[in-house]
Amino acid sequence: DSLQAVNRLSGTVASRCPAPRGCAPLRGLATDSVARIIYLFSDEALFEVTTKDEGRDMWRLHLERKEFASALEHCKTPQQRDQVFAVQAEEAFVSADYMRAAAFYARTPSAAPFEEVALKLIEANQPEALRTFLLHKLDNLGGRERSQQTMLATWLTELYLDQINKAAEAELSAARTVAIPGGEGSAGEAKN
(Lines give C-alpha, C1' and ligand atoms only; values in the text may rest on other atoms or scores of the structure.)
Protein backbone atom coordinates (compact mmCIF):
# COMPACT_ATOMS: atom_id res chain seq x y z
CA ASP A 1 0.00 0.00 0.00
CA SER A 2 1.17 3.49 -0.77
CA LEU A 3 -0.22 6.96 -0.97
CA GLN A 4 0.23 8.76 -4.31
CA ALA A 5 -0.22 12.44 -4.97
CA VAL A 6 -1.34 13.12 -8.54
CA ASN A 7 -1.03 16.50 -10.23
CA ARG A 8 -4.57 17.37 -11.35
CA LEU A 9 -3.35 19.47 -14.28
CA SER A 10 -0.91 17.01 -15.82
CA GLY A 11 -2.29 13.73 -14.46
CA THR A 12 1.21 12.59 -13.47
CA VAL A 13 2.22 11.19 -10.10
CA ALA A 14 3.88 14.06 -8.24
CA SER A 15 4.96 12.03 -5.22
CA ARG A 16 4.55 8.63 -3.66
CA CYS A 17 5.01 7.54 -0.06
CA PRO A 18 4.50 4.22 1.70
CA ALA A 19 1.40 3.72 3.83
CA PRO A 20 1.93 3.84 7.60
CA ARG A 21 2.91 0.46 9.01
CA GLY A 22 1.06 -1.44 11.67
CA CYS A 23 -2.46 -0.37 10.82
CA ALA A 24 -5.36 -2.14 9.15
CA PRO A 25 -5.95 -1.56 5.43
CA LEU A 26 -6.41 2.08 4.52
CA ARG A 27 -10.02 3.08 3.90
CA GLY A 28 -9.75 6.54 2.34
CA LEU A 29 -9.02 10.23 2.51
CA ALA A 30 -11.03 13.03 4.04
CA THR A 31 -10.47 16.76 3.91
CA ASP A 32 -11.19 19.58 6.29
CA SER A 33 -11.71 22.41 3.80
CA VAL A 34 -11.83 25.07 6.52
CA ALA A 35 -8.52 24.11 8.13
CA ARG A 36 -7.14 22.89 4.77
CA ILE A 37 -6.03 19.56 6.23
CA ILE A 38 -6.11 16.18 4.52
CA TYR A 39 -6.63 13.03 6.62
CA LEU A 40 -5.85 9.43 5.73
CA PHE A 41 -7.87 6.90 7.72
CA SER A 42 -8.22 3.22 8.39
CA ASP A 43 -10.51 1.31 10.75
CA GLU A 44 -7.97 1.77 13.57
CA ALA A 45 -6.15 5.04 12.94
CA LEU A 46 -6.32 8.58 11.57
CA PHE A 47 -3.28 10.23 9.95
CA GLU A 48 -2.75 13.83 8.90
CA VAL A 49 -1.29 14.16 5.41
CA THR A 50 1.05 17.11 4.97
CA THR A 51 2.41 18.51 1.75
CA LYS A 52 5.55 20.47 1.05
CA ASP A 53 6.12 22.82 -1.85
CA GLU A 54 3.23 21.51 -3.93
CA GLY A 55 3.71 24.09 -6.66
CA ARG A 56 7.46 23.62 -7.14
CA ASP A 57 7.16 22.41 -10.74
CA MET A 58 4.00 24.23 -11.76
CA TRP A 59 6.01 26.82 -13.69
CA ARG A 60 7.47 24.05 -15.87
CA LEU A 61 4.04 22.50 -16.52
CA HIS A 62 2.64 25.89 -17.63
CA LEU A 63 5.74 26.49 -19.75
CA GLU A 64 5.28 23.14 -21.54
CA ARG A 65 1.70 24.17 -22.27
CA LYS A 66 2.93 27.57 -23.51
CA GLU A 67 0.94 29.35 -20.80
CA PHE A 68 3.68 31.92 -20.29
CA ALA A 69 1.89 34.31 -17.91
CA SER A 70 0.99 31.44 -15.55
CA ALA A 71 4.50 30.02 -15.85
CA LEU A 72 5.99 33.37 -14.81
CA GLU A 73 3.60 33.61 -11.85
CA HIS A 74 4.83 30.25 -10.55
CA CYS A 75 8.57 30.91 -11.04
CA LYS A 76 10.52 31.03 -7.80
CA THR A 77 14.03 31.71 -9.07
CA PRO A 78 15.57 34.07 -11.65
CA GLN A 79 16.81 31.03 -13.58
CA GLN A 80 13.25 29.76 -13.97
CA ARG A 81 12.13 33.18 -15.24
CA ASP A 82 15.05 33.17 -17.68
CA GLN A 83 13.91 29.82 -19.06
CA VAL A 84 10.37 31.11 -19.58
CA PHE A 85 11.63 34.24 -21.36
CA ALA A 86 14.04 32.14 -23.46
CA VAL A 87 11.22 29.88 -24.67
CA GLN A 88 9.08 32.93 -25.47
CA ALA A 89 11.99 34.48 -27.35
CA GLU A 90 12.64 31.33 -29.39
CA GLU A 91 8.96 30.98 -30.21
CA ALA A 92 8.76 34.62 -31.36
CA PHE A 93 11.98 34.25 -33.39
CA VAL A 94 10.75 31.10 -35.16
CA SER A 95 7.48 32.84 -36.04
CA ALA A 96 9.49 35.79 -37.46
CA ASP A 97 8.29 38.21 -34.76
CA TYR A 98 11.83 39.55 -34.38
CA MET A 99 11.06 42.67 -32.35
CA ARG A 100 9.22 40.64 -29.72
CA ALA A 101 11.96 38.01 -29.76
CA ALA A 102 14.59 40.71 -29.20
CA ALA A 103 12.72 42.09 -26.19
CA PHE A 104 12.43 38.61 -24.62
CA TYR A 105 16.06 37.72 -25.38
CA ALA A 106 17.15 40.90 -23.59
CA ARG A 107 15.40 39.67 -20.42
CA THR A 108 17.31 36.35 -20.33
CA PRO A 109 20.81 37.05 -19.02
CA SER A 110 21.71 33.44 -18.27
CA ALA A 111 19.57 31.45 -20.71
CA ALA A 112 20.60 33.15 -23.96
CA PRO A 113 24.22 34.30 -24.41
CA PHE A 114 24.52 37.90 -25.64
CA GLU A 115 26.78 37.07 -28.60
CA GLU A 116 24.55 34.23 -29.76
CA VAL A 117 21.44 36.43 -29.77
CA ALA A 118 23.19 39.32 -31.52
CA LEU A 119 24.52 36.96 -34.18
CA LYS A 120 21.06 35.42 -34.73
CA LEU A 121 19.54 38.85 -35.29
CA ILE A 122 22.37 39.90 -37.61
CA GLU A 123 22.11 36.68 -39.65
CA ALA A 124 18.34 37.18 -39.91
CA ASN A 125 19.06 40.67 -41.30
CA GLN A 126 16.99 42.36 -38.58
CA PRO A 127 18.76 45.63 -37.68
CA GLU A 128 15.66 47.06 -35.95
CA ALA A 129 15.38 43.99 -33.74
CA LEU A 130 19.12 44.15 -33.02
CA ARG A 131 18.74 47.78 -31.93
CA THR A 132 15.79 46.81 -29.72
CA PHE A 133 17.84 44.01 -28.16
CA LEU A 134 20.82 46.30 -27.52
CA LEU A 135 18.65 49.07 -26.06
CA HIS A 136 16.94 46.66 -23.67
CA LYS A 137 20.30 45.20 -22.66
CA LEU A 138 21.66 48.71 -22.07
CA ASP A 139 18.64 49.56 -19.91
CA ASN A 140 19.16 46.42 -17.82
CA LEU A 141 22.84 47.02 -17.08
CA GLY A 142 23.78 48.24 -13.63
CA GLY A 143 25.73 51.42 -12.95
CA ARG A 144 28.94 49.52 -12.22
CA GLU A 145 29.12 47.92 -15.65
CA ARG A 146 30.63 50.94 -17.40
CA SER A 147 32.67 49.05 -20.01
CA GLN A 148 29.62 47.07 -21.15
CA GLN A 149 27.54 50.26 -21.23
CA THR A 150 30.20 51.92 -23.38
CA MET A 151 30.38 48.95 -25.74
CA LEU A 152 26.60 48.81 -26.20
CA ALA A 153 26.29 52.58 -26.60
CA THR A 154 29.05 52.57 -29.23
CA TRP A 155 27.43 49.73 -31.14
CA LEU A 156 24.05 51.49 -31.01
CA THR A 157 25.65 54.71 -32.25
CA GLU A 158 27.15 52.81 -35.20
CA LEU A 159 23.77 51.28 -36.01
CA TYR A 160 22.02 54.65 -35.89
CA LEU A 161 24.72 56.28 -38.05
CA ASP A 162 24.39 53.44 -40.55
CA GLN A 163 20.62 54.00 -40.63
CA ILE A 164 21.14 57.74 -41.20
CA ASN A 165 23.65 57.06 -44.01
CA LYS A 166 21.28 54.62 -45.71
CA ALA A 167 18.43 57.15 -45.51
CA ALA A 168 20.67 59.89 -46.96
CA GLU A 169 21.79 57.58 -49.80
CA ALA A 170 18.19 56.65 -50.57
CA GLU A 171 17.20 60.33 -50.62
CA LEU A 172 20.10 61.18 -52.93
CA SER A 173 19.26 58.27 -55.22
CA ALA A 174 15.62 59.33 -55.34
CA ALA A 175 16.65 62.89 -56.21
CA ARG A 176 18.73 61.60 -59.15
CA THR A 177 15.87 59.61 -60.62
CA VAL A 178 13.37 62.46 -60.61
CA ALA A 179 12.44 63.41 -64.19
CA ILE A 180 13.81 66.77 -65.24
CA PRO A 181 11.15 68.92 -67.01
CA GLY A 182 12.09 70.20 -70.44
CA GLY A 183 14.36 67.30 -71.19
CA GLU A 184 15.42 65.91 -74.61
CA GLY A 185 13.00 66.38 -77.49
CA SER A 186 10.91 68.99 -75.76
CA ALA A 187 10.22 72.54 -76.86
CA GLY A 188 12.45 73.84 -74.09
CA GLU A 189 15.63 72.48 -75.69
CA ALA A 190 18.19 74.97 -76.87
CA LYS A 191 18.95 74.71 -80.61
CA ASN A 192 21.97 75.97 -82.49
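Residues numbered from 1 in each chain as written. Predicted model: local features only at pLDDT ≥ 70, side-chain atom pairs only at ≥ 80, totals over all residues. Heavy atoms only, no water.

*Asks:* What is the right way to look at the overall build of the protein chain in this model?
*Replies:* Tallying secondary structure elements over the protein chain gives seven helices and five strands in all. Ordered by position from N to C terminus, the α and β elements of the protein chain give β-β-β-β-β-α-α-α-α-α-α-α. In terms of overall dimensions, the protein chain is more spread out than a globule: its C-alpha atoms have a radius of gyration of 31 Å, far above the 16 Å expected for 192 residues. Overall size of the protein chain, expressed as C-alpha extent along the three principal axes, is 125 × 45 × 30 Å. Counting all 192 residues of the protein chain, 26% fall into the buried class. Carbon and sulfur atoms make up 52% of the accessible area of the protein chain, which amounts to about 13,700 Å² in all. Taking the 22 positively charged and 27 negatively charged side chains of the protein chain as two groups, their mean positions are separated by 4 Å. (Helix = DSSP H or I, 4+ residues; strand = E, 2+ residues; numbered from the N terminus. Rg over C-alpha atoms; globule rule 2.2 N^0.38 Å. Buried < 20%, exposed > 50% of the residue type's maximum accessible area, 1.4 Å probe, protein only. Areas by Shrake-Rupley, 256 points an atom, 1.4 Å probe, with all protein chains shown as cover. Lys, Arg positive; Asp, Glu negative; His and termini not counted. Charge placed at Lys NZ, Arg CZ, Asp CG, Glu CD.)

*Asks:* Would you explain the pattern of salt bridges in this entry?
*Replies:* Pairing of side chains with opposite charge becomes possible as their charged atoms draw close. Scanning the model with the defined rule gives five salt bridges in all. Salt-bridge contacts for Lys66 lead to Glu91; the nearest nitrogen and oxygen are separated by 3.4 Å. In this pair, Lys66 sits in the loop between helix H1 (58-64) and helix H2 (68-74) while Glu91 sits in helix H3 (residues 78-94), placing the two residues 25 residues apart along the sequence. With relative accessibility at 33%, the residue Glu91 sits in the partly exposed group. Notably, a salt bridge pairs Asp162 with Lys166, separated by 3.3 Å at the nearest N-O pair. Taken together, the residues Asp162 and Lys166, both in helix H7 (residues 146-176) and four residues apart, mark about one turn of the helix. For Lys166, a relative accessible area of 52% corresponds to the exposed category. (Salt bridge = Lys/Arg side-chain N within 4 Å of Asp/Glu carboxyl O.)

*Asks:* Mind showing me how you'd approach the packing of aromatic side chains here?
*Replies:* Aromatic ring pairs are defined here through the distance separating the ring centres and the angle between the ring planes. This structure, assessed with the given rule, holds five aromatic pairs. Between Phe93 and Tyr105 the ring centres are 6.5 Å apart and the planes differ by 65 degrees, which places this aromatic pair in the edge-to-face class. Separated by 12 residues along the polypeptide, Phe93 in helix H3 and Tyr105 in helix H4 (residues 98-106) bring together distant segments of the chain. On the basis of relative accessible area, Phe93 is assigned to the buried category, the value being 16%. In this structure Tyr105 comes out as buried when scored by relative accessible area, which is 2%. Both rings, one in Phe114 and one in Trp155, keep their centres 6.2 Å apart while their planes meet at 70 degrees; by these two values the pair is edge-to-face. (Phe/Tyr/Trp six-rings, centres within 6.5 Å; stacked < 30°, edge-to-face > 60°.)

*Asks:* So what exactly am I meant to see when it comes to H4 here?
*Replies:* In an α-helix there are 3.6 residues to a turn, and that puts residues three or four apart on one side. Buried within H4 we find Tyr98, Ala101, Ala102, Phe104, Tyr105 and Ala106. Close packing links the buried residues of H4 with H3, helix H5 (114-123) and helix H6 (127-140). (Contact = heavy atoms within 4.5 Å.)

*Asks:* Please clarify how the packing of H3 against H4 should be interpreted in this entry.
*Replies:* The description of two helices packed together rests on the angle between their axes and the distance between the axes. Two elements in contact, H3 and H4, have axes separated by 8 Å at closest approach and are oriented at 160 degrees. Considered as vectors, H3 and H4 are oriented roughly antiparallel to each other. Read as a crossing pair, H3 and H4 show a hand that is left-handed. Along the contact surface, H3 presents Phe85, Gln88, Ala89, Glu90, Ala92 and Phe93, while H4 presents Tyr98, Arg100, Ala101, Phe104 and Tyr105. A class-by-class count of the residues in the contact of H3 with H4 yields eight nonpolar, one polar and two charged. (Axes fitted to C-alpha atoms, helices over the stretch in contact; angles between N-to-C directions. Parallel < 35°, antiparallel > 145°, perpendicular 65-115°, else oblique. Left-handed = near helix turned anticlockwise from the far one by under 90°. Nonpolar A, V, L, I, M, F, W, Y, C, P; charged D, E, K, R; others polar.)

*Asks:* Please explain the nonpolar core as it appears in this structure.
*Replies:* Burial of nonpolar side chains together is a common tendency in soluble globular proteins. If you look at the biggest cluster of nonpolar residues, it comprises 30 residues, and the most contacted ones within it are Val84, Tyr105, Leu121, Phe133 and Leu134. Among the secondary structure elements, those contributing two or more residues to this core are H1, H2, H3, H4, H5, H6 and H7. Per-element accounting of this core gives the leading share, six residues, to H4. Sequence-distant contacts of Tyr105, that is, excluding residues within four places in its chain, are made with Ala89, Glu90, Phe93, Ala112, Val117, Lys120, Phe133 and Lys137. (Core = buried A, V, L, I, M, F, W, Y, C linked by side-chain atoms within 4.5 Å.)

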